[in-house]
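Chain and residue survey
Below, each chain spelled out in residue letters.
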Amino acid sequence: MVHVYNCHPFASQQIVQVEQEPRLVCCGGGALFVVATGGCKVEAYNLELEGCPLICRFATMGTVRNMQHSKIGDYLVTIEEKNSATYLRAYTNWRYQAEEKARVGVRLLGHLLRGASLRGGVQMEIIEIPMSERPVAVACCSVTGDLLVGCHKSLVLFTLRRQNQQNLQSLQSPASNTQQSSSQSQGQTSSSNQNLSFLDFERSIILHLPGTKPKQVALCGGYVAVQSDLEVLVMKLDASSEPKTLEESSDSRKSADYLEDQTDFLLLPRHQELLGERAKDCDIAVSVEKTGLEDRGQYTLSYVLFRRFTPDYFQGCSVEETQLHSLQLHPMFTSNQSVSLDEPACVFCFFSLPTAGYLYSLKGGVELLSAYQYPEKVLEAVLTDHLLHVITKSALQCFTVRCAAVAARIEDPYIDTTMRACPPSTLEVCALRMQLFIGLRSVCVFGRHVVLLSTADTETSEDTERNSQRRGLSRKWTISSPKESSSAGHGWNLYVVDTVSPITLYQEMVEYSQRYAETNPQAQSLQHLFSEAHLLLRASLLQSSNPDPATPERQKLEEALRENCAHLGDCFSRGSQKDCHLALPYYRMSGLSITEIMVRNRPLPSSPHSYGPGFLFYLRHYLLEETEQSLSQEAADEVIDIFSQSEPSQLVGVCTSPSMINISPARTLQILQRLEDSAGVSVPLTITMATMMLRLGDLPQYTQLMDRHAEMLLVYGFIEEPRLLLYGGGGGQHTHVRPTALTQQLAHVQPGLLVAGMVALHENSKVQLEQVDHIFKELGCESCLQVDFWEAMLMASSQEAVIQELLFRLASFYIDRLTQTNSETHINPAHKRPTRRSLKSADDLINSCSHYGALYPWLTVLCPAHTTSSQHQEALCKLQSLLCGPSLSVGSVVPLLERLSEETLWGFSLHLLCATRRGQYDSSIEKLLDRCPQAIIAYANHQLQDRNMALWWQKLLPELCNRTRAAADNSILLAALKETLVVVAMETSPAEFLELIPDDGTASYFLPHLLTCSQRHLLA
């Protein structure tokens, strides 16, 4: 479907003063090139000046049949005929003919002239390009300046080469082959010969296409397109170091031979469209022949697009008239690309039948963007960034294009998200108001200048009758060749029509949209028109030569784009449920405040419509965002009214939004109470009502509402609506979070509920660990509730990384607490700060958390409970319990323990625990015997078991014997030695026991233990 809008895209029209009837026209580089009918002369006119004054005229060496201009290199290439022979020539430095310099150099491809060019002259140069086949079509790459020539059964690619004068003089002898210079500058004279550059071409590749007859070719950024009567093939040439295999070449030859054998048959091709990888399945075999000397790399050829049409009679066009035309490869760059350095972000392929045109996107996946259905037979079409210009016999018409939609998505990865949007590339096209002419023949475009050639119809009635008879007698599908214009024509004109600036056309579209807005604001045509205007502005921003946002032109375009986004947001806010989500990104891109958007969406008093789904969708997402912008009380109350009327179920989420901090609590409480009466009691609703009571300062009512539900149900309510406790959760760890008023109240009144709620939020991925730490720091509870939260998290979490992080944090905190309480023992108790007791004692953690282990029995001997303060004892027991548990990595704690001295028994106990956990039993036994020998038997009974049992007689027994020998009256050591002998007697054989008895030992002391060992051995 093609929409038609009565917007006029043309600003002015002028006639070029040409002396003779033009036969061919083309434009480029700010110039219009005209070849008169039957003449051998090219006239160049300046398109960028009023009246299009003549730049220069120069003679050609034959009758020009085809010509193209390349903006890279500023050269003109022609296909000429002379004496029944066809020639291919390139004209460089043609602008210097304006200075009435008659000197012209003529040379062959690859052979530079000697003499004047190196000595200081700059002149026009004609490069003769020899061809083995007759050229029928030419194309210039707008990205590289390379030249593609279409012949009867092949395509020849010429690479544009540049060399400066110094390189040429160093490479070649001036006496033998001094080369002629040619400049690519447009209209500027070189002041120094050292700055001159030479243009030349190198025959690089020949593509053999025996199965097709090219009529038109196109080249752009490595893409090669060839068009025959009813077929279009697009290929991609890529440089590669891998040579082509013989199998591929032989397959191509077989395919070519097969197609040659079919020439004697009448083939009726079927309609076919092959995109991407499937295009290689077409029956056109292409073989690559590399001819370049400088380029040593190989080329790989890949098929990109193949389209074949079936000849048919439809829409007033006969079978003979059904042929393709206007093949074009169009590049598009994004605003952050350099046109001279980067390859284009997008490449588009356009071709047309007399009744329909087709636009494809080639890069990043081949896709048909638009199919243009023309109202009448189209003779030619030209694609630009903004519009598609087509001519019929009597009119110039413009259609919108979708190139900007593709390029915008490549430039901005956030398009098609909730952040930014752009109309889809598959949006239906529209036609703008046409301009009537008489006898249009051809069209070409440069910038905003559309050049039209019109010639009166000179076909006589006899010619018409003869042609119709010939078509009726034809047995094959034949194609009519272009007719020469008769010299007895009735008249001709060469027009230059200037299109309006994109911003002007946008403003006209906005004015045109008013008629839809007045009658039906929800009309699809209104949305479509604003989408067209959006793409028009997008194309202008992408095409802008100066991406600096400070330029007035770009600021005007960006302001218009924001205005357009506001209009599109209005359309989608009132539109259907299907596309209502698009209101969010368009309103974001508009830069409007929430208050301004609410004003735009207020229903009129006379309108029966309520708020649209798109507006409610936008409002929900805005309130879900963690933004620092808070609404005024008036605006916040209006939001509450909107949701109470349209979506009452969303009221709890709306009330907890940080943007709604200024709502009237009394008014909101009444609305929430009505919601509870109609929808029933829910935990999040109850907590929200309690929050409103808290803001009103009614603590008894607040307490009554919070006591309605058990603590676990309240925790579930926090999971359902996390913003009851905090603002900003759910994002990354660097997302800023803030506690709510309810959180502050719970920290003082119900700390256990607050900790349980935070643990539940973390375990349900509603908040990050660092964010909870920040919350507790803002509450001033980093030394109490924060540690309670860590301990509770350690009980609840199953993530190993989180567990290890929490273990390290808790161990660090316990060590800090032990250090602080140890230093505070020397401070006057009256000056100590009162601290709140932990929610969980050491015994609670040991009984409920597997990461806290039961204290080893020997620790109670080392550290009696009454020897320190309660806080110190609690921190010590929890740290000892972590060290006794299975999860804490001792290696991570050892550096922290260096802050604790071993002078005190509790400090010594921690170092001894770490040494024991690391398997250092020998040194631990020695240290324990030195510091607290009364604990050695308890230590040995617990630690020296199973595989460590041998340490009883290998380490402990010798140590005790040595120490009792030195201090025979030490009852503690003697008792420990006796207990040790009992264990050794039970675990060793009599022979082993005899070996363990010291040589100087008293026999009467050891004999009872030896007797026990022997009796046990006999019983065994």
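Here, the structure is the one placed above.
A brief structural summary.

Definitions and cut-offs
- Residues numbered from 1 in each chain as written.
- Predicted model: local features only at pLDDT ≥ 70, side-chain atom pairs only at ≥ 80, totals over all residues.
- Heavy atoms only, no water.
- Pairing = 2+ DSSP bridges.
- Helix = DSSP H or I, 4+ residues; strand = E, 2+ residues; numbered from the N terminus.
- Axes fitted to C-alpha atoms, helices over the stretch in contact; angles between N-to-C directions.
- Buried < 20%, exposed > 50% of the residue type's maximum accessible area, 1.4 Å probe, protein only.
- Phe/Tyr/Trp six-rings, centres within 6.5 Å; stacked < 30°, edge-to-face > 60°.
- Lys NZ or Arg CZ within 6 Å of the ring centre and 35° of its normal.
- Contact = heavy atoms within 4.5 Å.
- Salt bridge = Lys/Arg side-chain N within 4 Å of Asp/Glu carboxyl O.
- Parallel < 35°, antiparallel > 145°, perpendicular 65-115°, else oblique.
- Left-handed = near helix turned anticlockwise from the far one by under 90°.
- Nonpolar A, V, L, I, M, F, W, Y, C, P; charged D, E, K, R; others polar.

On to the sheet that holds strand E6 (residues 54–59). Spatially, 4 strands are ordered E3-E4-E5-E6 in an open sheet, and the strand pairing comes out antiparallel. A strand with exactly one partner marks an edge of an open sheet, and here the two such strands are strand E3 (22–28) and E6. Sheet twist, expressed as the mean angle between neighbouring strand axes with direction ignored, is 20 degrees. By the bridge criterion, 5 bridges tie strand E5 (residues 41–46) to E6 in an arrangement that is antiparallel. Residue pairing for E6: Lys41 is matched across the bridge by Ala59.

On to the pairing of strand E24 (residues 356–361), then. The buried fraction of E24 is high, at 6 of 6 residues. Residues Ala356, Tyr358 and Tyr360 of E24 are buried on one face, and the alternating residues Gly357, Leu359 and Ser361, pointing to the opposite face, are buried as well. Relative to E24, strand E23 (residues 346–352) runs antiparallel, the two sharing 5 bridges. Considered in E24, the bridge of Ser352 is made with Gly357.

Attention shifts here to unusual backbone geometry. Even without being a glycine, Asp74 presents a positive backbone phi close to 50 degrees. Along the polypeptide, Asp74 turns up in the loop between strand E7 (63–70) and strand E8 (75–82). Overall, the relative accessible area of 3% leaves Asp74 in the buried class. Here the phi dihedral of Ser84 falls at roughly 65 degrees; this positive angle occurs in a residue that is not glycine. For Ser84, a relative accessible area of 86% puts it in the exposed group.

Applying the stated rule across the entire model yields 21 aromatic pairs. Members of the aromatic cluster, connected to one another through ring pairs, are Phe309, Phe351, Tyr358 and Tyr360. In this structure, Lys236 is placed above the aromatic ring of Tyr223, and the distance from its NZ or CZ to the ring centre is 5.2 Å.

All right, on to the pairing of strand E4 (residues 31–36) then. Burial of E4 is extensive: 6 of the 6 residues sit out of reach of the surface. Covered by surrounding structure in E4 are Ala31, Phe33 and Val35 together with Leu32, Val34 and Ala36, the residues of both alternating faces. Here E3 pairs with E4 via 6 bridges, running antiparallel. Within E4, the position partnered with Cys27 by the bridge is Leu32. With antiparallel pairing between neighbouring strands as the criterion, E3 and E4 make up a hairpin whose turn holds 2 residues, including Gly29 at a positive phi of roughly 65 degrees. Both E4 and E5 contribute to a ladder of 5 bridges, which runs antiparallel. Across the sheet, the residue bridging to Val35 is Val42, located in E5.

Below, the discussion takes up the sheet that holds strand E22 (residues 325–332). The antiparallel open sheet is built from 4 strands, whose spatial order is E22-E23-E24-E25. Of all strands in the sheet, those with a lone pairing partner are E22 and strand E25 (367–373), marking the two edges. Each strand axis lies, on average, 15 degrees off the axis of its neighbour in the sheet, ignoring direction. Packed onto the sheet, helix H5 (residues 403–411) meets E22, E23, E24 and E25 and runs at close to 165 degrees relative to E23.

So, about the pattern of salt bridges. Evaluated as defined, the whole model comprises 36 salt bridges. Arg65 serves as the salt-bridge partner of Glu81, at 3.2 Å between the closest nitrogen and oxygen. Of this pair, Glu81 sits in strand E8 while Arg65 sits in strand E7, and the two are 16 residues apart along the sequence. For Glu81, a relative accessible area of 27% translates into the label partly exposed. Ionic pairing is found between Arg308 and Glu231, a salt bridge with its closest N-O pair at 2.7 Å. Of the two residues, Arg308 is situated in strand E21 (residues 298–308) and Glu231 in strand E18 (residues 231–240); the sequence distance between them amounts to 77 residues.

Now for the packing of helix H9 (residues 552–574) against helix H10 (residues 583–590). Their axes nearest at 7 Å, the elements H9 and H10 cross at an angle of 155 degrees. If you check the angle between H9 and H10, you find them roughly antiparallel. In terms of crossing hand, the pair formed by H9 and H10 is left-handed. Of H10, the residues touching H9 (which contributes Arg562, Cys565, Ala566, Leu568, Gly569, Asp570, Phe572 and Ser573) are Ala583, Tyr586, Tyr587, Met589 and Ser590. Among the residues making up the contact of H9 with H10, the classes are represented as 8 nonpolar, 3 polar and 2 charged.

Another aspect to go through is the environment of Leu912. Within the fold, Leu912 resides in helix H28 (residues 905–917). Once the C-alpha coordinates of Leu912 and Leu859 are considered, the two residues, 53 residues apart in sequence, prove to be 9.8 Å apart. If we skip the residues at most four places from it in the chain, Leu912 touches Trp858, Leu862, Ser924 and Leu928.

The relative placement of two packed helices is expressed as an angle between their axes plus a distance between the axes. The interhelical angle for the contact between helix H17 (residues 699–706) and helix H19 (residues 741–749), taken along N-to-C directions, is 85 degrees, at an axis separation of 14 Å. It follows that H17 is roughly perpendicular to H19 by the angle criterion. The residues of H19 that touch H17, namely those facing Leu699, Tyr702 and Met706, are Leu742, Gln745 and Leu746. The residue makeup of the contact of H17 with H19, split by class, is 5 nonpolar, 1 polar and no charged.

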